[in-house]
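Close look at the chain arrangement
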Amino acid sequence: MNAQPPIRFIDLARQYEQLKPEVDAAIHRVLDHGQYIMGPEIAQLETRLADYVGVEHCIGVASGTEALLIALMALDIGPGDEVITTPFTFIATAEVIALLGATPVLVDIDASCNVDPALIEAAITDRTRAIMPVALYGQCADMAAINEIAARHGNIPVIEDAAQSFGATFSGDKSCGVSTIGCTSFFPSKPLGCYGDGGAIFTRDAKLATAMREIRVHGQERRYYHTRIGVGGRLDTIQAAILLAKMDTFEEEVRARVAIGDKYRARLRDIPGIDLPLLRQGDDCVWAQLTILTDERDALAKHLNEAGVPTAIHYPVPLHHQPAYRDLCRLPAPVPHAESAARRVLSLPMHPYLSDAEIDHIVETVERFQKA
Ligand SMILES: *Cc1c(COP(=O)(O)O)cnc(C)c1O
């Protein structure tokens, strides 16, 4: 066992070993042409990602957080407005709403750990300006149900926080292309990661696309002529070049992620005391995180770590319990499922290069703990 390389939570080094010639060449092409800001790779990547997702417009941006912020800004969301989202997500989802002076309205999750569409309708008020479902762990929320509710209430825009789900599908369509606007992140550990910060926004709406392109660069319509308030939100050319190189093997990685997720779940399913988030059949989940639920989370994590298996908790504190957010969120109803998930979730190592031997070791370590 000691001769084995350590299991990493997400093994970016192993991926780089596989892609080194392509990635190195892509970086060097940028160093040679020297257009570090908005170089030709940005438009190439935007076209490639728009085709992949199946929408007309893709806008490369500085991060997933910036993608969400720019989307809300393009919809003119501000003080007095409400945005319905989930309490069980990474802080950035609510942060951008709060930054603009709007109110995050938090609706409980269902057994998939994503927002429960059945609870959204009761949270809609005449101040609701957007619904922002998150595709947690790499599985889309029930976008059909959410889009239907949004349409019935005067076409409320739906922004998918797809930071964890690039490459996932919903009813045959790609995540990021299943709502008014889709926002993703290329943070290194996300399903499609670059080697720094990066993100992208997707839409079929030409007017919103123009607005978001301008907001990305200080709200300028042309150079030094500013028609809106914007941000410094560009994606770096070097990161775009790295992403273009990674796109050549991305679909293979997605297949590997789906297969590894299936293997994990087939074996974890029958272990007493371990629950799994509900998975919709027929759609691809890209497993940004492979997360289990257990009442003995902290003891199991310790047991795994001692056996050389790194773990993480996504996420230990629901948004409305975060000190900075306690007073600025609105909860139309209690959120018992989010409270419970925050106490019970534990994420196991997950990346497309995880070997069968590693999965065996991880699952057997969980089994040993549950049997003890
Ligand atoms: C990672 C993440 C973000 C933020 O993405 P960054 O690129 O790190 O800014 C937003 N929402 C969710 C759900 C995420 O997981």
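Note: the structure precedes this text.
Below or above, wherever it landed, is the structure these notes cover. None of these values were measured; they are calculated from a predicted model.

Here's the deal with the layout of surface pockets
The calculated volume of the largest pocket comes to roughly 370 Å³. Element by element, the count of residues in the lining of the largest pocket is highest for helix α3 (residues 64-74), at 3 residues. Classifying every residue of the lining of the largest pocket by side-chain character gives 11 nonpolar, 10 polar and 3 charged.

What to know about the nonpolar core
Membership of the largest hydrophobic core comes to 44 residues, with the highest contact counts inside it found for L49, I120, F166 and F202. For this core, the element with the most residues is helix α7 (residues 237-268), which contributes 7 residues. In this view, F166 contacts L49, Y52, V53, C176, T184, P191, L192, F202, M247, F250 and V286; residues no more than four positions away in its chain are not counted. Counting residues in hydrophobic clusters, the runner-up holds 29 residues, among them L72, A74, C183 and I201.

Here's the deal with the sheet that holds strand β1 (residues 57-61)
Taken together, 4 strands build an open sheet; the order of strands is β1-β9-β8-β5 and the sheet is mixed. Unpaired on one side and paired on the other, β1 and β5 (159-161) mark the two borders of the sheet. Between one strand axis and the next, the sheet turns through 20° on average, direction left out of account. Bridge count between β1 and strand β9 (residues 199-203): 5 bridges; the pairing is antiparallel. Opposite G60, over in β9, you have A200 as the bridge partner. Each of β1, β8 (181-185) and β9 is contacted by helix α6 (residues 206-216), which is oriented at about 15° to β1, the strand it contacts most.

About the cut-offs
Residues numbered from 1 in each chain as written. Predicted model: local features only at pLDDT ≥ 70, side-chain atom pairs only at ≥ 80, totals over all residues. Heavy atoms only, no water. 1 Å grid on protein atoms, 1.4 Å probe; cavity = no way out; pocket = protein on both sides within 12 Å on 5 of 7 lines; lining within 4 Å. Points joined across faces, edges and corners; volume = space filled by probe spheres on them. Helix = DSSP H or I, 4+ residues; strand = E, 2+ residues; numbered from the N terminus. Nonpolar A, V, L, I, M, F, W, Y, C, P; charged D, E, K, R; others polar. Core = buried A, V, L, I, M, F, W, Y, C linked by side-chain atoms within 4.5 Å. Buried < 20%, exposed > 50% of the residue type's maximum accessible area, 1.4 Å probe, protein only. Contact = heavy atoms within 4.5 Å. Pairing = 2+ DSSP bridges. Axes fitted to C-alpha atoms, helices over the stretch in contact; angles between N-to-C directions.

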